[in-house]
Amino acid sequence: MSRIEAVFKNGKAFIPFITAGDPNLETTEKLVLCMAEAGADLIELGVPFSDPVAEGAVIQRASQRALQAGATTDKIFDTVRRIRQKTDIPMALMTYINPVFVYGPDKFMESCRDCGVDAVIVPDLPFEEKGELLPACRRHGVTLISLVAPTSDARIAGIAREAEGFVYVVSSLGVTGVRSEIVTDLRQLIALVKAEKDIPCAVGFGISTPEQARDIARVADGVIVGSAIVKLVEEYGEGAAEPVGAYVRGMKRAVSGE
Amino acid sequence: MKGWFGVHGGQYVPETLMNALIQVEKAYDYYKKDESFNRELQALFKNYAGRPSLLYYAERMTRDLGGAKIYLKREDLNHTGSHKINNVLGQVLLAKRMGKTRVIAETGAGQHGVATATAAALMDMECEIFMGREDTERQALNVYRMELLGATVHPVDSGTMTLKDAVNEALREWTARIDDTHYVFGSVMGPHPFPTMVRDFQSVIGREVRAQIMEREGRLPDALLACVGGGSNAIGLFYEFIGDKDVRLIGCEAAGRGVDTRSTAATIATGTPGIFHGMKSYFCQDEFGQIAPVYSISAGLDYPGIGPEHAHLYDTGRAEYVPVTDDEAVEAFEYLSRLEGIIPAVESAHAVAYAMKLAPTMGTEQIIVINLSGRGDKDVAAIARYKGVHLHE
């Protein structure tokens, strides 16, 4: 069983996101290890991009902090390689198409494989353009995660049919960031995906509280949280491991229905 | 293939926007062949925008430079003072037909924002404009102008606080509110269908030039010059002439303080292939694909990319792209003002500056057409600052 397949074998999955290099890469390493320890099932590491158009203010600021602190794609791969020597936690890189395209998709995916990255999530690479990365992903055994959104409608079937690993279900319109309420009919959205293919569905965008996570885990296979964690990193900086660990532990309990 | 210009173009946007793009594409494909849509657009061009714009023979400039005959395509005389009105009338009319009630747009210098706010006022649409904080300060009068027209202007504080950040923010806003909202891209950039649609709406410029120059000179021009940021006024002029291989197409990029400095926005001169703002094209960026903070005195050219059709015209060698510095543009700004009594937009002054170099190298029987894409009233205060003149407004 691949590490990506293993993500959903431990009950409902909790998937935290942090921006790599925020506030520095040493802290990123500590955070990944403590989140793994706290029960995370997959860790999404953001490779910061100068112009993250799918992100709200919190992750935009984190991207800026990471870039200003000197995080580069190469240094992030080095950090992941170090992390991989210490843990088996599944890891995905989340970034924009440009950093991958400019690095070279083949070289990027080869580095992913060599460093122990299991999957990539590229929010500005829609279904129609996935040929940009898919051949390189296949060559190097890296899973390219597909996204569906509340506006996907008739596109869902095609996306789901070709999806691998899991489907990233975008909960709401707009960009990432904490929301008090999620109005999308997630149950129906997920049913449309599953009608096409028996594949796990993890929901992200706007989720921050254990109550939201518990509700969503009733209809989804996993819950993805970014901004709420990145906010803790913003607040606590190098000392974020402890509050982030406690938060992840609480969220894993919530998605498990405890 | 639709939406591609050689290897450039495409639709690189979040999934949330894909259906919205498909809807715009379908609507545009339908209405571009629809007689009543085209009749209404032509009527707006004629009666509201003031088209056709003049093709003016710049006799004093021609004599002074002592080479090719120079004609100015006077897009600055359009309603709202630039070529931007051509595109917004088309897009806002389309949005209206699509049942949208609200338009959003990015703006750099403010010309596209003013044009969008104008069309929105005329067609009774809500309008919100995103503009980099730095640009709202460089172009404070245009902010007030947009507000007068009933638009809300959102200063953008993220990133470099200029045009690319305004595009980022407008894209984010569109992702959040799609149902009733159309994003009026201001240039031949962004995801398909925008590069094609905006080009089509702007191509009226080149069609008019062909008819006007044939009437005046009985022959085609030898060179067409236009400034290029995203590249809408340039493609608007060039498109009609792409098949006429003897007509040189020259895009003038904003070199800022020089292409050998980091303070430049000359994408073809200093950029590399990338994928950003929905399109594959050339971008100013670092080795890891981080978009570079670009610079030009001209807020309208202060953009780190170029439209995908220009990238393709460059790849195939059909068009040439030359860098023009701030200093050269400011000199041309003053030159045209004094010699012809026409104050050009500082953007357009980049094309005038290159004409000043090119014309003397050409024969007196040859012809250059410069796209005077906008008027320079908006730039007077900034040019004064650049020259160290203190104005009391």
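Placed above this text is the structure.
On a predicted model such as this, the values are computed, not experimentally measured, just so you know.

*Asks:* Help me understand the overall build of chain B, please; the structure alone is not making it clear to me.
*Replies:* Counting its secondary structure elements, chain B contains 16 helices and 14 strands. For 393 residues, the compact-globule estimate of 2.2 N^0.38 gives 21 Å, and the C-alpha radius of gyration of chain B, at 19 Å, lies within 12% of that figure. For chain B, buried positions account for 66% of its 393 residues. Taking the intrachain contacts of chain B between residues at least 6 apart in sequence as the baseline, contacts between residues at least 24 apart amount to 73%. Total accessible area on chain B stands at roughly 13800 Å², and carbon and sulfur atoms take up 51% of it.

*Asks:* Got a minute to help me understand the packing of aromatic side chains in this structure?
*Replies:* Two aromatic rings are characterised by how far apart their centres lie and by the angle between their planes. Under the criterion given, the structure shown has 19 aromatic pairs over all chains. Taken together, a centroid distance of 5.6 Å and an interplanar angle of 40° make the contact between B:Y31 and B:F37 tilted. For the pair B:Y31 and B:F37, a shared accessibility class is recorded, and that class is buried. Judged by centre distance (6.0 Å) and plane angle (85°), the rings of B:W174 and B:Y183 are edge-to-face. As far as burial versus exposure is concerned, B:W174 and B:Y183 are alike and both buried. These aromatic residues form a ring-pair network of at least three members: A:F49, A:Y96, B:F276 and B:F283. Its guanidinium or amino end placed over the ring of A:Y103, A:K107 lies 4.3 Å from that ring's centre, counting from NZ or CZ. A cation over an aromatic ring shows up here: B:K69 above the ring of B:Y57, its NZ or CZ 5.0 Å from the ring centre.

*Asks:* Whenever I open this one, the environment of A:Q64 confuses me. Can you help?
*Replies:* Here A:Q64 shows up in helix α3 (residues 57–68). Between the alpha carbons of A:Q64 and A:L232 there is a distance of 16 Å; along the sequence they are 168 residues apart.

*Asks:* Just to check I follow, could you spell out the sheet that holds strand β3 (residues 55–57) of chain B for this structure?
*Replies:* Remark on secondary structure: sheet strands pair via backbone hydrogen bonds, oriented parallel or antiparallel. Residues and elements named next belong to chain B. Reading across from one edge, β3-β4-β14-β9-β10-β13 is the order of the six strands in this open sheet, with mixed pairing throughout. Each edge of the open sheet is held by one strand with a lone partner, namely β3 and β13 (319–325). The average undirected angle you get between the axes of adjacent strands in this sheet is 30°. In this sheet, β13 lies alongside strand β10 (residues 248–256) in parallel orientation, the contact comprising seven bridges. Paired with C252 across the bridge in β13 is V322. Of the strands in this sheet, β3, β4 (69–74), β10, β13 and β14 (367–372) touch helix α14 (residues 326–340), which is tilted by about 90° from β13. On top of the sheet, helix α15 (residues 346–358) reaches β9 (223–228), β10, β13 and β14; it is set at about 140° to β9, its chief contact.

Cut-offs and rules
- Residues numbered from 1 in each chain as written.
- Chains lettered and ligands numbered in written order.
- Predicted model: local features only at pLDDT ≥ 70, side-chain atom pairs only at ≥ 80, totals over all residues.
- Heavy atoms only, no water.
- Helix = DSSP H or I, 4+ residues; strand = E, 2+ residues; numbered from the N terminus.
- Rg over C-alpha atoms; globule rule 2.2 N^0.38 Å.
- Buried < 20%, exposed > 50% of the residue type's maximum accessible area, 1.4 Å probe, protein only.
- Contact = heavy atoms within 4.5 Å.
- Areas by Shrake-Rupley, 256 points an atom, 1.4 Å probe, with all protein chains shown as cover.
- Phe/Tyr/Trp six-rings, centres within 6.5 Å; stacked < 30°, edge-to-face > 60°.
- Lys NZ or Arg CZ within 6 Å of the ring centre and 35° of its normal.
- Pairing = 2+ DSSP bridges.
- Axes fitted to C-alpha atoms, helices over the stretch in contact; angles between N-to-C directions.

That is the geometry; function is a separate question.
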